[in-house]
There are 2 protein chains.
Amino acid sequence: MNQPKQTKKTTIYDLAELAGTSASAVSAVLNGNWKKRRISSQLAEKITRLAEEQGYALNMQASLLRREKSKIIGMIVPKYDNRYFGSIVEAFETMARERGLFPIITCTRRDPELEIEAARAMLSYQVEWLVATGATDPDRITDICAASGVRSLNLDLPGSRAPSVISDNFAGARELTRRILSNCQRKVGRVEPLLFVGGRGTDHNTSERVRGFRAAHADMGMTVNDNHILTCGYAPEKAEIALQALAQAEGNLTRGMFVNSTISFEGVMRWIKRSHHYDGRPPIMGCFDWDPFAAMLGDDIEMVRQDVPGMLNAVFNIIDHGSSKIERIQIPPLFLGQS
Amino acid sequence: MNQPKQTKKTTIYDLAELAGTSASAVSAVLNGNWKKRRISSQLAEKITRLAEEQGYALNMQASLLRREKSKIIGMIVPKYDNRYFGSIVEAFETMARERGLFPIITCTRRDPELEIEAARAMLSYQVEWLVATGATDPDRITDICAASGVRSLNLDLPGSRAPSVISDNFAGARELTRRILSNCQRKVGRVEPLLFVGGRGTDHNTSERVRGFRAAHADMGMTVNDNHILTCGYAPEKAEIALQALAQAEGNLTRGMFVNSTISFEGVMRWIKRSHHYDGRPPIMGCFDWDPFAAMLGDDIEMVRQDVPGMLNAVFNIIDHGSSKIERIQIPPLFLGQS
DNA sequence: CAAGCTTGCTCAATCGATGAAGCAACAATT
DNA sequence: AATTGTTGCTTCATCGATTGAGCAAGCTTG
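The shown structure was predicted, so the numbers you read here are calculated from the model rather than taken from an experiment.

Procedures and definitions
Residues numbered from 1 in each chain as written. Chains lettered and ligands numbered in written order. Predicted model: local features only at pLDDT ≥ 70, side-chain atom pairs only at ≥ 80, totals over all residues. Heavy atoms only, no water. Helix = DSSP H or I, 4+ residues; strand = E, 2+ residues; numbered from the N terminus. Expected span 1.5 Å × (residues − 1). Buried < 20%, exposed > 50% of the residue type's maximum accessible area, 1.4 Å probe, protein only. Core = buried A, V, L, I, M, F, W, Y, C linked by side-chain atoms within 4.5 Å. Contact = heavy atoms within 4.5 Å. Salt bridge = Lys/Arg side-chain N within 4 Å of Asp/Glu carboxyl O. Least-squares fit on C-alpha atoms with pLDDT ≥ 70 in both. Phe/Tyr/Trp six-rings, centres within 6.5 Å; stacked < 30°, edge-to-face > 60°. Near = heavy atom within 4 Å. Polar contact = N/O pair within 3.5 Å; in protein donor to acceptor, adjacent residues only side chain to side chain. Nonpolar A, V, L, I, M, F, W, Y, C, P; charged D, E, K, R; others polar. Pairing = 2+ DSSP bridges. Axes fitted to C-alpha atoms, helices over the stretch in contact; angles between N-to-C directions. Parallel < 35°, antiparallel > 145°, perpendicular 65-115°, else oblique. Left-handed = near helix turned anticlockwise from the far one by under 90°.

Draft legend 1. Spatial organisation of helix 11 (residues 262-275) of chain A. Residue and element names in this part refer to chain A. In a regular helix each residue adds 1.5 Å, so 14 residues correspond to 20 Å; helix 11 covers 20 Å between its end C-alpha atoms and thus fits that length. Where helix 11 is concerned, the buried positions are T262, I263, S264, F265, E266, G267, V268, M269, W271 and I272. Directly after helix 11, the chain includes H276, whose backbone phi takes a positive value near 60°.

Laid out in structure tokens, this is it:
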């Protein structure tokens, strides 16, 4: 092989010169529409061979500049520290590639400033669509995209100015709560209201889950005390602090708990271990979100699994059909256990 | 505000016309070197205001085509289903952005074909560096990059033709093994050789860890039977099957286990629960890699935490100084427990 | 044999941003 | 008055790929 270890990259002009032909012909051959452009297959073969020999790689910047569509699709995602967002990203990449789209993904660490900055960066890269996952201010992102004529879409957390695909948080939380209460009945012999831990009271998902949580209690003729709704944020430490404070204030905590995310669950479990509050009579738990190890932490910790493939099918359905109808699609979450 | 809801994007030519000036002046103002180009601050202000009003966004493709450096840095990563790779990606993004680089990351799902395809795609996007994380064939990627004059770097799994930053797998595994054996002594009252579960026997990390595993046994005057090294792959199911097979063959499994990754650990724990093999006398476990929930699964499951910040510091140290020296940098992993 | 068609290419404009070179207007210096 | 310097711009070529338009050579048809 004759691979030049050059610094300068090979362009179609270099190949044209080597092949004794024009850049135009090279371009046509390499981007596959040489039949349309009536290039002979001999020349096509020669050019293809040369391109391979020279290790030619298309300059996407130049190509995209000329073309009308970029085929780039962007996603912003808050964190990579849990299975839920991890599987969203994996599925997104796979499904984008299946459609010949190039996915670019950025993690914004729940930082509103970074979300905006990342969205702007993606617009500069000429994304055709931007999927804002779990964004703190989805409408702001929609506006920024709209100003550049780029369509956007909310995932996980809904916005009001672009289509949104989210879990059915109300129904999911209601069923999860029902299951935890039923486990309480089965294991402790009686039911009493549960504690709700984690999430931001201001975000849509959390408030819907609180609503479902209350509804499930109401279904069984119970009401939940407001100070048993600990929407203290997602971070593990915040859950720990909130539990500690409540335990101090009330002496005894409830037997059952609804935890609003695996990341909060981490803090809850840490506090339980550290405080020895539940030693000898483990709490009856449920978590909105799934993690394989968390699921193994107790005999039957109920875990709702959000339907990531279902959600991404809905996302790409919108993208495939170009619909920008501002609707909110709610995907029922999955309960893998028996009960 | 006068935001045009146009489809066509605003360019510097549009702004130039609106401002009654030239595209060149607009460009100079918007990319910040208008002082160097002696543009008056009045004009600069006017252009800045117009750009904001019109929702102007730079066309990166055009800009990059013209400039010599792309400031894009690529990373390929196998999976998003564990904390280790998740934190690598988060740290990589953060550190890249701190340096004014634009990170693009692609998940290749441990698929060798996809790794190559992804590398090629990144070259087309003119990345300046490509970090191949946990690649199955790092040298192939190095070669592809070299053919385009792009520097590359291996992370997590080493290659022979580019600088590599990896954990000190040998020392880490030796210390982890020592700790598991010491836990055995403390809890069971005697030590016996451990079982090694997970990973691919062919990959560098696994073979180094096996070496460390054997060394720790040798340190205590023990040898490990070859059929107690179950390098059955990383997937949870594979670990389950391997354990099942060994249990069937030998009747009784060892008291202690060294598990080679959290993802294999998942399979191990699943099998332990399902088979009831260890009911009543839980195994003494250690895992090369850390997961917060997995760590809570037993009284003292030893978990080695790979030093992700340390590794990425090493990566960016190479990038910052442009060194392409082919060296293998080994970062000691962290032991957070007391022992 | 002229007119028209097909084949197999080349030419040149274009996408949007960049920056070297140049130029007009005015000020300062000799 | 002539020279030199400074300020504040504009002009234009360029990056690499794409594509409509065009053109020469050969072939077909009436």
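Draft legend 2. Region of interest: the nonpolar core. By size, the foremost hydrophobic cluster in this structure holds 57 residues, and its most contacted members are F316 of chain A together with L312 and F316 of chain B. Setting aside residues no more than four positions away along its own chain, L312 of chain B makes contact with I88, A91, F92, M95 and L155 of chain B. Counting residues in hydrophobic clusters, the runner-up holds 50 residues, among them L230, A239 and L297 of chain A together with L243 of chain B.

Draft legend 3. A look at the pattern of salt bridges. Tallied over the full model, the rule gives 46 salt bridges over all chains. Put simply, R83 of chain A and E266 of chain B hold a salt bridge, and the shortest N to O gap is 2.9 Å. With R83 of chain A in helix 5 (residues 83-98) and E266 of chain B in helix 11 (residues 262-275), this residue pair bridges two chains. This pair shows no difference in class: R83 of chain A is buried, exactly as E266 of chain B is. The salt bridge involving R161 of chain B is made with D143 of chain B; its shortest N-O contact spans 2.8 Å. Of this pair, R161 of chain B sits in the loop between strand 4 (151-155) and strand 5 (164-167) while D143 of chain B is found in helix 7 (residues 138-147), placing the two residues 18 residues apart along the sequence. A relative accessible area of 43% places R161 of chain B in the partly exposed class. Classification of D143 of chain B by relative accessible area gives partly exposed; the value is 34%. Through salt bridges with shared partners, one network takes in R83 of chain A together with E237, E240, E266, R270 and R274 of chain B.

Draft legend 4. Structural detail: the relation of the copies chain B and chain A. Overlaying chain B with chain A gives an RMSD of 0.1 Å, the required rotation being 180° about an axis along which the chain moves by 0.0 Å. In short, the pair behaves as if placed about a two-fold rotation axis. Among all residues of chain B, the minimum C-alpha distance to the rotation axis is found for Q61 of chain B, at 2.3 Å. Most of the interface of chain B is mirrored in chain A: 98% of its interface residues are interface residues there too.

Draft legend 5. Region of the structure containing the packing of aromatic side chains. For the coordinates displayed, the defined rule picks out 15 aromatic pairs over all chains. Between F196 of chain A and F258 of chain A, the ring centres sit 4.8 Å apart and the planes meet at 15°, which makes this aromatic pair stacked. Taken together, the residues span a long stretch of sequence, with F196 of chain A in strand 6 (residues 195-197) and F258 of chain A in strand 10 (residues 256-259) at a distance of 62 residues. The same class applies to F196 of chain A and to F258 of chain A, which are both buried. The interplanar angle of 50° and the centroid separation of 5.8 Å between the aromatic rings of F293 of chain A and F265 of chain B together place this pair among those described as tilted. One end of the pair, F293 of chain A, is in helix 12 (residues 292-295); the other, F265 of chain B, is in helix 11, on a second chain.

Draft legend 6. Focus on the protein's contact with DNA strand D. Among the 27 residues in the neighbourhood of DNA strand D, the closest are listed as I12, Y56 and R66 of chain A together with S40 and R66 of chain B. Within 4 Å of the protein, the contacting atoms of DNA strand D are drawn from sugar and phosphate to the extent of 50%. One of the side-chain N or O atoms of S27 of chain A is found 2.8 Å from a phosphate oxygen in DNA strand D. Backbone polar atom of N59 of chain A to a phosphate oxygen of DNA strand D: 3.4 Å apart, as the coordinates give it. Secondary structure elements with two or more residues in the surface near DNA strand D: helix 1 (12-19), helix 2 (23-30) and helix 4 (60-66) of chain A together with helix 2 (23-30) and helix 4 (60-66) of chain B. Considering every element that reaches the surface near DNA strand D, the biggest residue donor is helix 4 of chain A, with four residues. Residues belonging to the surface near DNA strand D are distributed by class as follows: 10 nonpolar, 11 polar and six charged.

Draft legend 7. Up close: the sheet that holds strand 13 (residues 328-331) of chain B. Residue and element names in this part refer to chain B. Taking strand neighbours across the sheet as the criterion, the six strands line up as 2-1-3-4-5-13 in an open arrangement whose pairing is parallel. Each of the sheet's edge strands pairs with one partner strand only, and the pair in question is strand 2 (102-107) and strand 13. For this sheet, the mean angle separating the axes of adjacent strands, direction not counted, is 20°. Here four bridges tie strand 5 to strand 13, and the two strands are oriented parallel to one another. Among the inter-strand pairings, S164 is bridged to a residue of strand 13, identified as R328.

Draft legend 8. Seen up close, unusual backbone geometry. All names here are of chain B. A positive phi angle, close to 60°, is found at K71, a residue other than glycine. Positionally, K71 belongs in the loop between helix 4 and strand 1 (72-77). The partly exposed category is assigned to K71, whose relative accessible area is 40%. In the Ramachandran plot, Q126 falls in the positive-phi region, its phi being about 65° despite a non-glycine side chain. The residue Q126 is located in the loop between helix 6 (112-124) and strand 3 (129-133) in this model. A relative accessible area of 16% places Q126 in the buried class.

Draft legend 9. Representation of the packing of helix 10 (residues 236-250) of chain B against helix 11 of chain B in the model. Residue and element names in this part refer to chain B. Remark: helix 10 packs on helix 11, axes separated minimally by 7 Å, with the N-to-C direction vectors making an angle of 45°. As judged from the angle between their axes, helix 10 and helix 11 are oblique. Read as a crossing pair, helix 10 and helix 11 show a hand that is right-handed. Contacts between helix 10 and helix 11 involve P236, E237, A239, E240, L243, Q244 and A247 from the first element and I263, S264, E266, G267, V268, R270, W271 and R274 from the second. In the contact of helix 10 with helix 11, the residues fall into seven nonpolar, three polar and five charged.

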